[in-house]
Amino acid sequence: MTNPNLPIETQAPHDAEDDAGNPACVIVFNASDPSGAGGLAADISAIASVGAHALPVVTGAYARDSAEIYEHFPFEEEAVAEQARSILEDVPVQVFKVGFVGSPETISTIAEIAADYAEVPLIAYMPDLSWWDEGEIDLYLDAFRELMLPQTTVLVGNHSTLWRWLLPEWSSERSPAPRDIAKAAADLGVPYTLVTGIPLPEQYIDNVLATPQAVLCSEKFERFEAVFSGAGDTLSAALAALVASGTDLAGAATEALAYLDRCLDAGFRPGMGNVVPDRLFWAQPEGESQELTPEEAQALQVLDMPAHDTKH
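Presented here is an overview of the structure given in this document. Model, not experiment: these values are computed from the prediction. (Residues numbered from 1 in each chain as written. Predicted model: local features only at pLDDT ≥ 70, side-chain atom pairs only at ≥ 80, totals over all residues. Heavy atoms only, no water.)

Re the packing of aromatic side chains
Move 1: Tallying each qualifying case throughout the model produces 13 aromatic pairs.
Move 2: Each ring, one from Phe224 and one from Phe228, has its centre 5.7 Å from the other, and the planes form 75°; the classification is edge-to-face.
Move 3: Overall, the relative accessible area of 28% leaves Phe224 in the partly exposed class.
Move 4: Members of the aromatic cluster, joined through ring pairs, are Tyr62, Phe100, Trp131, Trp132, Tyr140, Phe144 and Trp165.
Move 5: Taking NZ or CZ as reference, Lys220 lies 5.0 Å from the ring centre of Tyr204, over its face. (Phe/Tyr/Trp six-rings, centres within 6.5 Å; stacked < 30°, edge-to-face > 60°. Buried < 20%, exposed > 50% of the residue type's maximum accessible area, 1.4 Å probe, protein only. Lys NZ or Arg CZ within 6 Å of the ring centre and 35° of its normal.)

Quick notes on the pattern of salt bridges
Move 1: Inspection of the entire model under this criterion finds eight salt bridges.
Move 2: The closest approach of N and O atoms between Asp33 and Arg64, which form a salt bridge, is 3.7 Å. In this pair, Asp33 is assigned in the loop between β1 (25-32) and α2 (39-50) and Arg64 in strand β2 (residues 53-64), connecting sequence segments 31 residues apart. You'll find Asp33 and Arg64 in the same group, each marked buried.
Move 3: The partner of Lys183 in a salt bridge is Asp187, and the shortest N-O contact between them spans 3.5 Å. (Salt bridge = Lys/Arg side-chain N within 4 Å of Asp/Glu carboxyl O. Helix = DSSP H or I, 4+ residues; strand = E, 2+ residues; numbered from the N terminus.)

Description of the pairing of strand β5 (residues 122-126)
Move 1: Most of β5 sits out of view: five of its five residues are buried.
Move 2: Covered by surrounding structure in β5 are Leu122, Ala124 and Met126 together with Ile123 and Tyr125, the residues of both alternating faces.
Move 3: Here three bridges tie strand β4 (residues 95-98) to β5, and the two strands are oriented parallel to one another. What sits directly across from Val98, in β5, is Ala124.
Move 4: A crossover links β4 with its parallel partner β5, the connecting element being helix α4 (residues 104-115), and its sense is right-handed.
Move 5: Summarising the sheet, β5 and strand β6 (residues 154-158) pair through four bridges and their orientation is parallel. (Pairing = 2+ DSSP bridges. Right-handed = clockwise from strand over helix to strand, strands pointing away.)

Here's the deal with the nonpolar core
Move 1: By size, the foremost hydrophobic cluster in this structure holds 49 residues, and its most contacted members are Phe29, Tyr140, Phe144 and Leu155.
Move 2: Examining the composition of this core, we find that six residues originate from one element, helix α5 (residues 134-148), more than from any other.
Move 3: With residues up to four places along the chain from it excluded, the contact list for Phe29 reads Val57, Thr59, Val80, Ala84, Phe96, Lys97, Val98, Gly99, Val101 and Ile110.
Move 4: Within the second largest apolar cluster, 37 residues are counted, among which are Ala54, Val154, Leu239 and Ala252. (Core = buried A, V, L, I, M, F, W, Y, C linked by side-chain atoms within 4.5 Å. Contact = heavy atoms within 4.5 Å.)

Details of the packing of helix α8 (residues 231-244) against helix α9 (residues 249-265)
Move 1: The interhelical angle for the contact between α8 and α9, taken along N-to-C directions, is 140°, at an axis separation of 8 Å. By the angle class used here, α8 and α9 are oblique. In this structure, α8 meets α9 at a crossing whose hand is right-handed. For the pair α8 and α9, the contacting residues are Ala231, Thr234, Leu235, Ala238, Leu239, Leu242 and Val243 in the first and Leu249, Ala252, Ala253, Glu255, Ala256, Leu257, Tyr259, Leu260, Cys263 and Leu264 in the second.
Move 2: Tallied by class, residues from the contact of α8 with α9 come to 15 nonpolar, one polar and one charged. (Axes fitted to C-alpha atoms, helices over the stretch in contact; angles between N-to-C directions. Parallel < 35°, antiparallel > 145°, perpendicular 65-115°, else oblique. Left-handed = near helix turned anticlockwise from the far one by under 90°. Nonpolar A, V, L, I, M, F, W, Y, C, P; charged D, E, K, R; others polar.)

Thoughts on a negative patch on the surface
Move 1: A cluster of acidic residues, Glu71, Asp133, Glu134, Glu136 and Asp138, forms a negative patch at the surface.
Move 2: Of all the elements, α5 adds the most residues to the negative patch, at three residues. (Patch = residues over 30% accessible without salt bridge, like charges linked within 9 Å, V, L, I, M, F, W, Y side chains within 5 Å. Areas by Shrake-Rupley, 256 points an atom, 1.4 Å probe, with all protein chains shown as cover. Lys, Arg positive; Asp, Glu negative; His and termini not counted. Charge placed at Lys NZ, Arg CZ, Asp CG, Glu CD.)

Examining the sheet that holds β2
Move 1: Pairing is mixed across the open sheet formed by nine strands, whose spatial order is β3-β2-β1-β4-β5-β6-β7-β8-β9. Each of the sheet's edge strands pairs with one partner strand only, and the pair in question is β3 (69-74) and β9 (215-222). Recorded for the sheet is a direction-independent mean angle of 20° between the axes of neighbouring strands.
Move 2: Pairing geometry for strand β8 (residues 204-210) and β9, over seven bridges, is antiparallel. Across the sheet, the residue bridging to Ala210 is Val215, located in β9.
Move 3: The sheet strands contacting helix α3 (residues 77-88) are β1, β2 and β4, and the helix crosses β2 at an angle near 165°.
Move 4: Against the sheet, α4 makes contact with β1, β2, β4 and β5, and its axis sits at roughly 170° relative to β4, the strand it touches most.

Quick look at the structure:
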């Protein structure tokens, strides 16, 4: 395994003299999402909201609306490598975050890059891929298992998604516990697994950070009635940003889960489909708006754009 089994308190290398006062940097590999629900849109806004700086590497693009994904168009792996190598030679990064990258070839490219930065933690998110062609899913999951998981420090995914992927032969009448899933991930080289969306009685769900030996933290939340898009990318990006900023892993997982809960609670429906997490919920005004001072009103008038009256 290239990335070591980092202890929970481990922080990524950070040169305080060179970038004192600068936010921590997270390089993210993900697809462009025109709905703004997930993908790089989720990564950038969540990482910025938590207080770090995203270095987004585009791995492809979805064709989708707010309800469903219709298609994905992967970038050539050379284009992904050129983006990543260029910024990594310039900017020191504290964490790698990997979302859906579109093809086995791109997985191989990112794994090779991560191997060159073995001291940097890598947080990988595995989304639900049921929208995709079954043959493509199998090839992607096989490549991710063989090439990316040995590089991964923390694997993030929904309970049902990780169960189907990592424990396809599970035969017990009970559902696998988070430690069962963590053990399956550890057998492939992953020291920590964050399992989300574990069903509990009375409309609650549990979210557990685990190793094969122990549960490191657990956060229970009431289930929302709405259907969301982008929750997993939001959570994994927030976790990456908190780890990059120096928070210990258990604390980062707890904070990231609380942040996601607030994002979902403030979620909105931009179109006719699913609800999108409001990753900047804290920036929304509370209560009635205050009356502007004359100086503030004059400043805002400067920003008022006149009607478009260009003559042709």
